[in-house]
Amino acid sequence: MSLLPELRYPSVTEIVSSARALAAHRPGLCVLRQVGVSRAGRPLHLLSVGHARRAVLVVAGAHANEPTGGSTLLALAERALHERELRDETSWHFLLCADPDGASLHVTPAPRTLLDYHLGFFRPAGPEQPEWSPSVLPPDRLPPETRALTRVIDELRPYLQVTLHGTDLGGSWVQLTKDIPGLAEPFAKSAAELHIPVETAASDAAGWPASGPGVHVMPAPGSDTAYPSMPDDARHSTWYHAHRYGGLTAVVEVPMWASDLVDDPAPHPAPTAAMRRLARRLLRDALQVEAVLAEALPRLPGPDGPLLRAAKWALALVPGLADDWVQTPPPDTTMAYVGSVDAFGRRLPLRAAAMLLRVLQEADDREAARLERLVAVWSDAFAERFRARWVPLEHQVEHQARTVLAAARHARDNAA
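Worth saying up front: this structure is predicted, and the values here are computed from it rather than measured. By convention here, each chain's residues receive numbers from 1 onward along its written sequence. The model is predicted, so local features are restricted to residues of pLDDT at least 70 and side-chain atom pairs to those at 80 or more, both for listing and for counting; the totals for chains, interfaces and linings are taken over all residues. Water and hydrogen atoms were dropped before computing side-chain values, which therefore reflect all heavy atoms in the structure.

I tried to follow the nonpolar core on my own but got confused; where do I start?
Within soluble globular proteins, side chains that are nonpolar generally end up buried alongside one another. Counting residues in each nonpolar core, the largest one holds 62 residues, and the members touching the most others are Tyr227, Val289, Leu321, Trp325, Leu356, Leu360 and Leu371. Helical segments are the DSSP runs of H or I of at least four residues, strand segments are the runs of E of at least two, and each set is numbered from the N terminus. The element best represented in this core is helix α9 (residues 335-362), accounting for 16 residues. Other than its neighbours up to four places away in sequence, tryptophan 325 contacts Tyr227, Met275, Leu278, Ala279, Leu282, Val341, Phe344 and Gly345. By nonpolar core we mean a set of buried residues, namely Ala, Val, Leu, Ile, Met, Phe, Trp, Tyr and Cys, connected to one another through side-chain atoms within 4.5 Å. Each residue is assigned to one of three classes by its accessible area relative to the maximum for its type, calculated with a 1.4 Å probe on protein chains only: buried under 20%, partly exposed between the two thresholds, exposed over 50%. Within the second largest apolar cluster, 51 residues are counted, among which are Val162, Leu183, Val254 and Val404. Any two residues whose heavy atoms approach within 4.5 Å are treated as being in contact.

Mind showing me how you'd approach the pairing of strand β6 (residues 173-176) here?
Regular strands have side chains that alternate between both faces of the sheet. Both faces of β6 are covered, namely the face carrying Trp173 and Gln175 and the face carrying Val174 and Leu176. Should DSSP find at least two bridges between two strands, the strands are regarded as paired. Bridge count between β6 and strand β9 (residues 248-258): four bridges; the pairing is antiparallel. Residue pairing across strands places valine 174 opposite valine 252, the latter belonging to β9. One ladder, built from three bridges, connects β6 with strand β8 (residues 215-217); its direction is parallel.

I'm lost on the packing of aromatic side chains in this one. Help?
One pair of aromatic rings is described through two measures. These are the centre distance and the angle between the planes. Here the aromatic set is Phe, Tyr and Trp, taking the six-membered ring for Trp, and pairing holds for ring centres within 6.5 Å; pairs whose planes are under 30 degrees apart are stacked, those over 60 apart are edge-to-face, and all others are tilted. Taken as a whole and assessed by the stated rule, the structure comprises seven aromatic pairs. Centre to centre, the rings of tryptophan 257 and tryptophan 390 are 5.0 Å apart; their planes meet at 70°, and the pair counts as edge-to-face. Here tryptophan 257, found in strand β9, pairs with tryptophan 390, found in strand β10 (residues 389-390); they are 133 residues apart in sequence, far enough to count as distant. Judged by its relative accessible area of 5%, tryptophan 257 is buried. Note on tryptophan 390: relative accessible area 36%, which makes it partly exposed. Plain terms: the ring middles of tryptophan 325 and phenylalanine 344 are 6.3 Å apart, the flat faces sit at 65° to each other, and that makes the pair edge-to-face.

Mind showing me how you'd approach α9 here?
In an α-helix, one full turn covers 3.6 residues, which means residues spaced three or four apart are oriented alike. A helix is expected to span 1.5 Å for every residue after the first. A rise of 1.5 Å per residue sets the reference length of α9, with its 28 residues, at 40 Å; its end C-alpha atoms lie 41 Å apart and thus fit the reference within 8%. Counting buried positions over the 28 residues of α9 gives 25, a clear majority of the element. In the segment just after α9, aspartate 364 is the residue with positive phi, at about 55°.

Help me understand the packing of helix α7 (residues 271-296) against α9, please; the structure alone is not making it clear to me.
The geometry of a pair of packed helices is captured by two quantities: the angle between their axes and the separation between those axes. The contact between α7 and α9 brings their axes to 9 Å, and the two run at 0°. Between α7 and α9, the interaxial angle falls into the category roughly parallel. Across the interface between the two elements, Pro271, Ala274, Met275, Leu278, Arg281, Leu282, Asp285, Ala286, Val289, Val292, Leu293 and Ala296 from α7 touch Tyr337, Val338, Val341, Asp342, Gly345, Arg346, Leu348, Pro349, Ala352, Ala353, Leu356 and Leu360 from α9. Amino acids outside the nonpolar list (Ala, Val, Leu, Ile, Met, Phe, Trp, Tyr, Cys, Pro) and the charged list (Asp, Glu, Lys, Arg) are all regarded as polar, and Gly is one of them. Its residues placed into classes, the contact of α7 with α9 shows 19 nonpolar, one polar and four charged. Between N-to-C directions, angles cover 0 to 180 degrees, with each direction set by a line fitted to C-alpha atoms, over the stretch in contact for helices. Roughly parallel means an angle under 35 degrees; roughly antiparallel, over 145; roughly perpendicular, 65 to 115; everything else is oblique.

It is not clear to me how helix α2 (residues 68-82) should be interpreted in this structure. Could you clarify?
For α2, built from 15 residues, the straight-helix expectation of 21 Å at 1.5 Å per residue is met to within 8% by its first-to-last C-alpha distance of 22 Å. In terms of burial, α2 is largely enclosed, as 13 of its 15 residues are buried.

Sorry if this is basic, but what is going on with the environment of valine 215 here?
Structurally, valine 215 can be placed in strand β8. Here the alpha-carbon distance between valine 215 and alanine 226, two residues 11 residues apart in the chain, equals 17 Å. With sequence-adjacent residues up to four places away left out, valine 215 is seen in contact with Val174, Leu176, Ala184, Phe187, Pro209 and Ala210.

Even after reading the chapter, I still don't get unusual backbone geometry, so can you show me in this structure?
A negative phi holds for most residues other than glycine; trans holds for most peptide bonds. Residue proline 303 follows glycine 302 across a cis peptide bond; omega there is -5°. Topologically, proline 303 is positioned in the loop between α7 and α8 (306-327). Positive phi is not limited to glycine here, since arginine 387 has a value of about 50°. Along the chain, arginine 387 falls in the loop between α10 (368-385) and β10. By relative accessible area, which is 63% here, arginine 387 ends up exposed.

Help me understand the side chain of histidine 118, please; the structure alone is not making it clear to me.
By secondary structure assignment, the location of histidine 118 is in helix α4 (residues 114-119). From its side chain, histidine 118 meets the backbone oxygen of leucine 114 in a polar contact 2.9 Å long. Every residue in contact with histidine 118, bar those within four places of it in the chain, is listed here: Asp168, Leu350, Ala354, Val375 and Ser379. Whenever a nitrogen or oxygen atom comes within 3.5 Å of another N or O atom, the pair is scored as a polar contact, on the condition that within protein one atom can donate a hydrogen and the other can accept it, and that pairs from neighbouring residues in sequence are kept only if both atoms are in side chains.

Just to check I follow, could you spell out the pattern of salt bridges for this structure?
When the charged atoms of two side chains with opposite charge come close together, those side chains can pair. Only one rule defines a salt bridge in this text: a Lys or Arg side-chain nitrogen within 4 Å of an Asp or Glu carboxyl oxygen. The tally for this structure, following the rule as stated, stands at 25 salt bridges. In this structure, arginine 42 and aspartate 101 form a salt bridge, with 2.8 Å as the shortest nitrogen-oxygen distance. Residue arginine 42 is located in the loop between β1 (30-37) and β2 (43-49), and its partner aspartate 101 is located in helix α3 (residues 100-105); the two are separated by 59 residues in the primary sequence. Residues arginine 309 and glutamate 128 are paired through a salt bridge, measuring 2.8 Å at the closest nitrogen-oxygen approach. Taken together, the residues arginine 309 in helix α8 and glutamate 128 in the loop between α4 and α5 (144-156) connect sequence positions 181 residues apart.

Given below as structure tokens:
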């Protein structure tokens, strides 16, 4: 019995339906239960396979715009059910979607191009993201999705939490809150077999130590960060909650579109000059979006909805980030790192523009046509600059699942 929809990303409803069928098929091994509700009252579901006290927790859907995790989670649940050795002294637990409200707003289940992807784009503002909110909000203001996730961690005390993330265009990489010796080799082997580039110097992990190509270990809390202006610090996210019980978190990133430009370890000929150029472009692009926002804002009905809040939040990050790129020496001077920053600098204003476009279209505002042209031009330029090639969904899922299983095996063996 296969539970994976073909050729497209499943909706949260489809994921829950598949998990319910799996639990009904093997009720002695599987339990599906509700562990919380979202801000809008949508249920949060946990599927558990096995009964051992030693636990692995897998989280999908923490970012609405990163849809591969839902398919990967179902594939892993099937494997945990059918492969007895995976359940030897280990139970598997799957949070089906950490942000169902966000998932309801990201509406590109089968994107053909980067433009398709962005025309339905949504990614919440930082304070509204379940995993990131503890890094920017006090405990009494955390959203219910965050509180539900931390309750699950408190209950299960997992030796490993894996959160399934992704990128629109680039390569694959892993972020670890503690090192997992031995993970780098199977991770690299899987990526090579499936023709997925390894992002060796991801800007998300700028300045972090690496235990192997594309496997980055987060610095200890209190260490300096490469981008001081960024308000959200991974070391204060829910990723560290498992440390209370001696566990760790692995964040497994996989691309929808691949670029072979993000794994080039060669030295960049002029990294400082390149960073300045990218900072100028980031500011210029953001100003174009801000000009449309300023023109349309007086005509928009209030209060701000999630799309507009997210667009404003993304734009507010730009000045400080551009200053970080200019004022701080590059933590990595390879072609791969500069390429990753190039992608980040294109991604941020494009996402803001895409979400603002949806707001303007809903309001039938006259500025929507101008912004739609901008989103189309930037999407095409992004794809062309990085020679984007689609990664088949089955390859995205297989690589992410292999990496999860390797992380679980090596983390268990290292703890033994």
